[in-house]
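# Working through the structure, step by step
Below, each chain spelled out in residue letters.
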Amino acid sequence: MQAARLRPAGRAFAHIAEFHTELTALRRDLHAHPELGFEEVYTAARVKEALRACGVDEIHERIGKTGFVAVIRGRSDTRGAMVGLRADMDALPMTEHNEFTWKSSKQGLMHGCGHDGHTTMLVGAARYLAQTRNFDGTAVLIFQPGEEGFAGARVMIEDGLFDRFPVQSVYGMHNWPSMKPGTVGINMGAMMAAADRITIDITGRGGHGAHAYQTVDPVLVSAHIITAVQSLVSRNVRPIDSAVVSLVAMQAGDLGAFSVIPGKATLVGTVRTFHPDVQDLIERRLSELCSGIALGFGATATVHYERIYPATINTPREAAFAADVAERLLGAEHVDRDMEPSMGAEDFSFMLQVKPGAYLRIGQGGSSGAGSTSLHNSRYDFNDEILPLGAALHAGLAEQAMPLAQA
């Protein structure tokens, strides 16, 4: 779907659409040069170059290692208003299998989640806001490193992000391939789940496979644990709550030693929840279950439970505001205010723990197939047709949160 066919309302979209070609070139350049979390040296330099050309007032570097903040002041500042807009910059450690000219130039690295597009949309918003300045206050543009497992948002906060830039609210968005271009999804509460890592170390007694009665087989114990863990949600969590427990990897023994029972086994997996009380319940019951099963076989099991990302929970007032902004841009029929939460996770959650705000999803899956490939797929690519729309949505959040006084 072409950007022109979206027909969003308002001057911001029309203004930004004039430099759509330049945004597309920037996005594809970023895609061709992917970098992992806290290694976004080229990305940061390229984006800061674009921001300086846009005429932003200030760029503050080295906030969260490779993260940085751009500041744009409105025509006036009568109330001291300050709004944060955030984009993530990092790529994934995966090999790209696309064949277009802007495919990754780095073996084993790929922008498989669209952070190149998120960053470019915020650059587009910066250019518009710096040129027009139709707001009363300060726009704080947060270019965040390390979203993919590095908790870059938390690192930026620990590095003084909100102490130096005390925004009243903060907003972020993510492309969504299963939604059509020209649509936005949000809800008034949970958008993404908490992501926890679990490691279960099982210790038995190794020995010869022909004399199994002389051993305590940790592989057998692991099998029972894998099966029993599936009862944690169905028999412990209330049906009206949500949780997922997945054991996804097992390491035990040596594939070349077919007759050796190992002495140890390790299971690795993830837990996804929305509510801290459910999270606490799963952690407690998982430890009890694994210990009990292992004890029954004469083995021991230790659960290491690591809370990686908290749940991404929108604050109701800011979520309603963001939905209103999207409706003015696209029309009410193109905005889902009650979007189903995802069991995926997002480190924008750290920002929402300390500041009111909202996280939106912006559709990008075109009928032609552009942008429809799922996230974290080796053939994924961001749909460049939505760049002006995402930039206009960012800009609208700033302008409408900090309106100029009526003459």
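Remember, it's a predicted structure, so these values are computed and weren't measured experimentally.

Basis of the calculations
Each chain carries its own residue numbering, running from 1 in the direction its sequence is written. For this predicted model, a pLDDT threshold of at least 70 governs which residues receive local features, and a threshold of 80 or more governs which side-chain atom pairs are given and counted, while totals over whole chains, interfaces and linings are taken from all residues. With hydrogens and water stripped out, all remaining heavy atoms of the structure feed into the side-chain values. For every residue, the accessible area (1.4 Å probe, protein chains only) is compared with the maximum for its type, and the residue is labelled buried under 20%, exposed over 50%, or partly exposed between those bounds. Labels follow the DSSP assignment, with helices taken as runs of H or I lasting at least four residues and strands as runs of E lasting at least two, numbered in each case from the N terminus. When DSSP locates at least two bridges between a pair of strands, those strands are taken to pair. UniProt positions are given in the numbering used here, feature names are shortened, and annotations may be inferred rather than shown by experiment. Think of a 1 Å grid over just the protein atoms. A cavity is a set of points where a 1.4 Å probe fits yet cannot get out, a pocket is an open set with protein on both sides within 12 Å along at least five of seven lines, and lining residues have an atom within 4 Å of a point. Expected span, for any helix, means 1.5 Å times one less than how many residues it has. The directions considered for the arc are those from the helix axis to the C-beta atoms. Any two residues whose heavy atoms approach within 4.5 Å at even a single point are treated as in contact. Helix axes are fitted to C-alpha atoms over the stretch in contact, other axes to C-alpha atoms as well, and angles between N-to-C directions run from 0 to 180 degrees. Handedness of a crossing follows from how the near helix is turned relative to the far one, being left-handed for an anticlockwise turn of less than a right angle and right-handed for a clockwise one. Ten residues, namely Ala, Val, Leu, Ile, Met, Phe, Trp, Tyr, Cys and Pro, are considered nonpolar, four, namely Asp, Glu, Lys and Arg, are considered charged, and the remaining ones, Gly among them, are considered polar.

### Examining the pairing of strand β3 (residues 82–88)
Counting buried positions along β3 gives seven out of seven residues, so the element sits mostly inside the fold. Of the two faces of β3, the one carrying M82, G84, R86 and D88 and the one carrying V83, L85 and A87 are both buried. Two elements, β3 and strand β4 (residues 138–144), share seven bridges in a ladder whose sense is parallel. Residue pairing for β4: V83 is matched across the bridge by A139. Where β3 meets strand β5 (residues 169–176), four bridges bridge the pair, whose relative direction is parallel. When the bridges of β5 are listed, L85 appears paired with Y171.

### Observations regarding the UniProt feature "binding site: Mn(2+)" (unreviewed entry) in the chain
Here, the residues flagged by UniProt with the feature "binding site: Mn(2+)" (unreviewed entry) are C113, H115, E148, H174 and H376. These annotated residues cover 264 residues of sequence, but their C-alpha atoms sit close together, with the largest distance between any two at 13.2 Å. Of the residues named above, C113, E148, H174 and H376 line the largest pocket. Relative to the helices and strands, H115 resides in helix α5 (residues 115–132). The class for H115 is buried, based on a relative accessible area of 1%.

### Comments concerning helix α10 (residues 276–296)
Compared with an ideal rise of 1.5 Å per residue, which puts 21 residues at 30 Å, α10 spans 30 Å between its outermost C-alpha atoms and is within 8% of the ideal. For α10, the set of buried residues is V278, Q279, L281, I282, L286, L289, C290, I293 and A294. End-on view of α10: buried residues confined to an arc of 165°, all on one side of the axis. Opposite the packed face of α10, turned more than 90 degrees from it, sit the exposed residues P276, D277 and L295. In this structure, the buried side of α10 is in contact with β8 (194–203), α8 (218–229), α9 (231–236), β10 (243–252), β12 (264–273) and β13 (300–309). Following α10 by one or two positions, G298 adopts a phi angle in the positive range, close to 85°.

### Describing the packing of helix α3 (residues 20–32) against α5
As a packed pair, α3 and α5 sit with axes 9 Å apart at the nearest point and diverge in direction by 145°. Crossing angle aside, the handedness with which α3 passes α5 is right-handed. Across the interface between the two elements, E22, L23, L26, R27, L30 and H31 of α3 pack against D116, G117, T119, T120, V123, G124 and R127 of α5. Of the residues belonging to the contact of α3 with α5, the class tally is four nonpolar, five polar and four charged.

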